[in-house]
Amino acid sequence: MKLATNNPSQHPKVYSVLIDFGRYSNSFDYIDGNSLGVEIGDIVLVKIKGRVITGLVMKENLFTENFDFNKEFKYSFIERIIQKKVFYKWWRDWIEDIARGHKVNIIKMFKTALPPGWFSKSNVINKSISSNFWILITPNLNYQSRDLTNRQLLLIQKINSAGGLWQSDLIKFGFSSTLINSLIKKNLIKKISRSKIDNLPLISFENNFKENQIPSLTYQQKEALSKIKEMKEGESLLLWGETGSGKTEIYLRITKSFLEQNKSCLIMAPEIGLIPQLIDRFSNRFKKNIFEYHSNCSSKQRQLVWRKILEDKEPLIVIGTRSSIFLPIRNLGVIIIDEEHDNSYKQETPMPCYDARELALDRAKRDGVKIIFGSATPSLNTWKQVKYENKFKLARMKERISIAKVPEIKVIDMRDEFKKGNKKIFSKELFKSLRNLKDKKEQAIILVPRRGYNGFLSCRNCGFVVNCPNCDTALTVHIGIKGKKWLNCHWCDFKSQFINVCPDCHSNAFKPFGIGTQKVVESLKEEMPELKLLRFDRDTTSGKEGHRKILSEFSKGNADVIIGTQMLAKGIDIPNVTLSVVLASDSLLNRPDLATEEKALQLFLQLAGRSGRANKEGEVILQTYQPSHPVISFLKKRDYESFLNESLKLRKDLNLFPFCRVCLLKISGFDNALTEQTANKLSEYLTPLCLRKKWSLIGPAPGMIPKIGKKFRWQILIYGPDKTELPIPTEKSLWDFIPKNIFLTIDVNPVEI
């Protein structure tokens, strides 16, 4: 046997391996001294300074003829291959370009793009992998002719019938490691060390297929479908369809046409809660492998989907959230981005702060993929690209499929309710509509902007508010099933006991203020005990099937009313819903954010669209203390296009986003003085760079919430001409200004400032 050597003359290739080591991520050169068959795209184990960590094989280079082998020059060996070929070269180049554009180091970008669990700074991964042994029968073995004990024969039959088993499972079944090793020595079975993920079942939805009658298309659907089919490769189209106009049917038809061309399709949704409904619609229509990819899937499932995409040559359908944009789907024909207006497509933290919509547009141009943005309330940014730049084609569907009349939007002035003596959170008009649900056998959706029970706990005597000790925010009141109350921070998840006496002035006038989903559920139970209620928010939808389970219960008619946060307004299609309600709408109208009006009007219109989608007449009720607010005026007229045009004109005149480029640099740390000092130094460094490229700089200033999770927050805002490069050097250069324990986040085109 030839001994491995680290003399480069014995190994014609040197491999550049990217590892997460030290403050900066670097590539280090290694050789395949153990003849593992290393390739670009492999995830490998390497040693550095006595530690065993994972790395990505990025490049391979041949030694040149001029290399002096006589010099003392040694390379370390690649220890092991963890995963074979997890990316292609074209995909690697794309991810590196994204990293440069977002000013983030490459390892962070690859960690974000690849499924979780394939990287680790510690050597724990080595221990976990080495303990996983897959036991197989030796190929072409005629074990029946061998002289075996009953126990040995039983072990072989067990392995053979299963097609292979993990050694750990065999030991659980009662077979000793001594027995297993004895058969290995006889060459009757083989032991292979590999990651246990390889034998997990890959969840697809092929068996959900149903021979349902495909609905006929309306005239406007046919027009939209025709425009989409006329698109050239790499082109983009906005499918602006009113809620209930049949956008999903268009998605299904387009998917069918690409599958027939032997091309794969990526369907994206902004929220995990929308995935189950899309999975059901697509799996009922297509007898194909359909895979879901999002953060509620386990790490192992996401790894399996990734591997399936790499290895399978058949066209497939993937339905996922923003992270699915990174999937290395070959022969991709179309990317469909549903509810494109939703800011959940943008990652705010941690870095990289990417926008999946922007990455989809970039990928479409690179790979010649058609891209469809679908929405009933398109974003200002997308509408600008339609109207001002002609970068998007446009298909409009203005009419609902349902023959029912479009619901009137009733705006209830809660000031009048108060003057008439109604101090409850429900108006008399709403009470009346809710009471009719049972008789009509219909259902209602109630949107509440906040989860929890009450907004905050405050003293009516001295004004003291119970704040989180880690953040500059008030603690929210929560209540358990048995009535136990506690305080919870929605930013850092700090929890505290509920108190009844003011700790400042010792007054008993210490009461909760504001309403959350829990409070609404409790109040409705007291007022109308005959109604069956469901709650739909982050607290009740945890777990992979949390969203699906609650929506399934509601769609089956097992509840009369579902009460939830903003996720309720997004894409949910339940025919029996005839009443849509917005409580406490004022909190959505008064946020300190440039996009507040756009977000509020989108949300209200989306929720209004949940009502009366079948052939039953619907009703929409919005309760507010500001009935004359401009957003309410546009809402009542359902005139979203006028809102878009007026807003864009104003922003263009003032040179505001999306007519300029914006970047927010967020500096945080546990020491407020050091964080502020760092922000000032960074500002001084960036000012001349901004001036040189005609950009403006504002700040530094404290963040909108100055402290979260014990970290003080400062920020610097820079903005400049649209389509120009950021006046920011590479992240490495910026780190010269960032002391230890101070954190920097660079957010390009931030959602909130």
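What you see is a predicted model; the values in this text were computed from it and never measured.

A. Main features of the overall build of the protein. Within the protein, the regular secondary structure consists of 22 helices and 30 strands. Counting all 753 residues of the protein, 51% fall into the buried class. The contacts in the protein between residues at least 6 apart in sequence include a share of 75% that link residues at least 24 apart. A total of about 35,600 Å² of accessible surface is found on the protein, and carbon and sulfur atoms cover 49% of it.

B. The arrangement of the packing of helix α7 (residues 219-229) against helix α8 (residues 247-260) in detail. For the pair α7 and α8, interaxial distance at closest approach is 10 Å and the crossing angle is 40°. Taken together, the axis directions place α7 and α8 in an arrangement best described as oblique. Of the two elements, α7 crosses α8, and the hand of that crossing is right-handed. Where α7 approaches α8, its residues Q221, L225 and I228 are matched on the opposing element by E249, I250, R253 and I254. Its residues assigned to classes, the contact of α7 with α8 comprises 4 nonpolar, 1 polar and 2 charged.

C. Representation of the packing of helix α12 (residues 380-387) against helix α20 (residues 640-654) in the model. Contact geometry for α12 and α20: axes closest at 10 Å, N-to-C directions at 85°. Our classification of the angle between α12 and α20 gives roughly perpendicular. Residues L380, W383, K384 and K387 of α12 pack against E641, L644, N645, S647, L648 and R651 of α20.

D. Highlighting the sheet that holds strand β27 (residues 660-669). One open sheet holds the 4 strands; their spatial order is β28-β29-β27-β30, and the pairing between them is antiparallel. If you trace the sheet from one side to the other, it starts and ends with β28 (696-708) and β30 (742-748), each paired once. The mean inter-strand angle of the sheet, taken between neighbouring strand axes irrespective of direction, is 20°. The pairing of β27 with strand β29 (residues 711-721) spans 10 bridges and is antiparallel. When the sheet's bridge partners are listed, V662 is paired in β29 with Y719. On top of the sheet, helix α21 (residues 672-692) reaches β27, β28, β29 and β30; it is set at about 10° to β29, its chief contact.

E. View of the pattern of salt bridges. Tallied over the full model, the rule gives 30 salt bridges. In this structure, D93 and R92 form a salt bridge, with 3.2 Å as the shortest nitrogen-oxygen distance. By relative accessible area, which is 10% here, R92 ends up buried. Across the pair D362 and R366 runs a salt bridge whose closest N-O atoms are separated by 3.1 Å. Pair noted here: D362 and R366 are both in helix α11 (residues 356-367), with a separation of 4 residues, about one helical turn. Overall, the relative accessible area of 29% leaves D362 in the partly exposed class. Residue classification places R366 among the partly exposed positions, given a relative accessible area of 41%.

F. Representation of the environment of N500. Relative to the assigned elements, N500 resides in the loop between β21 (495-497) and β22 (510-513). Counting along the chain gives 43 residues from N500 to L457, while the straight-line C-alpha distance between them is 9.4 Å.

G. Representation of the packing of aromatic side chains. According to the stated counting rule, one finds 16 aromatic pairs in the structure shown. Each ring, one from W91 and one from F110, has its centre 5.8 Å from the other, and the planes form 65°; the classification is edge-to-face. Of the two residues, W91 sits in helix α1 (residues 89-101) while F110 sits in helix α2 (residues 106-113), which places them 19 residues apart along the sequence. Three or more aromatic residues joined by ring pairs make a cluster, and in this case those are W240, W383, F634, Y640 and F643.

H. Expanded view of α21. The end-to-end C-alpha distance of α21, which contains 21 residues, comes to 31 Å, matching closely the 30 Å that a straight helix rising 1.5 Å per residue would cover. Maximum bend of α21: about 30°, positioned at L686, with proline P688 one to four residues after it. Just past α21, the residue K694 takes up positive phi, approximately 65°.

I. Quick look at the nonpolar core. One finds L56, I325, F326, I335, F604 and L665 to be the most contacted residues of the largest nonpolar core, which totals 114 residues. For this core, the element with the highest residue contribution is helix α18 (residues 596-608), accounting for 7 residues. Excluding residues within four positions of it along the chain, F604 makes contact with V582, S585, L588, L589, L622, V631, I632 and L635. Core analysis: the next-biggest nonpolar cluster, separate from the first, contains 30 residues, I228, M231, C265 and I319 among them.

J. Representation of the confidence of the model for the protein. Predicted confidence across the protein gives a mean pLDDT of 83, with 85% of residues reaching 70 or more. Segment residues 1-5: pLDDT under 50, and 9 contacts once partners within four positions in sequence are set aside and those in other chains are kept. Predicted confidence for residues 123-131 stays below pLDDT 50, and this span has 13 contacts to residues more than four positions away or in other chains.

K. Layout of the sheet that holds strand β16 (residues 409-413). The strand order across the open sheet formed by 6 strands is β16-β26-β25-β17-β24-β23, and the pairing between neighbours is parallel. The outermost strands of the open sheet, each flanked by one partner alone, are β16 and β23 (533-536). When the angles between neighbouring strand axes are averaged without regard to direction, this sheet yields 20°. Sheet topology places β23 next to strand β24 (residues 561-564); 4 bridges connect them, and they run parallel. Within β24, the position partnered with L533 by the bridge is V561.

L. Expanded view of the pairing of strand β1 (residues 13-19). Extensive coverage of β1 is indicated by the burial of 6 of its 7 residues. Across 7 bridges, β1 lies against strand β4 (residues 51-62) in antiparallel orientation. Of the residues in β4, the one forming a bridge with K13 is L62. Pairing of β1 with strand β2 (residues 26-31) involves 5 bridges; the strand directions are antiparallel. For V17, the partnering residue across the bridge sits in β2 and is F28.

M. Summary view of the side chain of R307. Within the secondary structure layout, R307 lies in helix α10 (residues 299-311). A distance of 2.6 Å separates a polar side-chain atom of R307 from the backbone oxygen of K84. Excluding its chain neighbours within four sequence positions, the residues that come into contact with R307 are Q83, K84, K85 and V86.

N. Region of the structure containing the state of the cysteines. Applying the stated criterion across every chain, the model contains 0 disulfides. In this structure C353 is not part of a disulfide, and its nearest cysteine sulfur, from C663, lies 8.7 Å away.

O. Up close: the side chain of R651. By the element assignment, R651 lies in helix α20. Although buried, R651 forms no salt bridge, and the nearest oppositely charged side chain, E598, lies 4.5 Å from it. Here F657 takes part through its backbone oxygen, which lies 2.8 Å from a polar atom of the side chain of R651. Sequence-distant contacts of R651, that is, excluding residues within four places in its chain, are made with L380, L594, A595, L656, F657, P658 and F659.

P. Structural detail: the environment of L447. Residue position: L447 is located in strand β17 (residues 443-447). Through-space distance from the C-alpha of L447 to that of F604 is 9.4 Å; in sequence the pair is 157 residues apart. Excluding residues that lie within four positions of it along the chain, L447 makes contacts with G564, T565, Q566, A569, V581, V582, L583, L588, L603 and L607.

About the criteria used
Residues numbered from 1 in each chain as written. Predicted model: local features only at pLDDT ≥ 70, side-chain atom pairs only at ≥ 80, totals over all residues. Heavy atoms only, no water. Helix = DSSP H or I, 4+ residues; strand = E, 2+ residues; numbered from the N terminus. Buried < 20%, exposed > 50% of the residue type's maximum accessible area, 1.4 Å probe, protein only. Contact = heavy atoms within 4.5 Å. Areas by Shrake-Rupley, 256 points an atom, 1.4 Å probe, with all protein chains shown as cover. Axes fitted to C-alpha atoms, helices over the stretch in contact; angles between N-to-C directions. Parallel < 35°, antiparallel > 145°, perpendicular 65-115°, else oblique. Left-handed = near helix turned anticlockwise from the far one by under 90°. Nonpolar A, V, L, I, M, F, W, Y, C, P; charged D, E, K, R; others polar. Pairing = 2+ DSSP bridges. Salt bridge = Lys/Arg side-chain N within 4 Å of Asp/Glu carboxyl O. Phe/Tyr/Trp six-rings, centres within 6.5 Å; stacked < 30°, edge-to-face > 60°. Expected span 1.5 Å × (residues − 1). Bend = angle between axes of the 7 residues up to and from the residue. Core = buried A, V, L, I, M, F, W, Y, C linked by side-chain atoms within 4.5 Å. pLDDT = per-residue confidence, 0-100. Polar contact = N/O pair within 3.5 Å; in protein donor to acceptor, adjacent residues only side chain to side chain. Disulfide = S-S within 2.5 Å. Lys, Arg positive; Asp, Glu negative; His and termini not counted.

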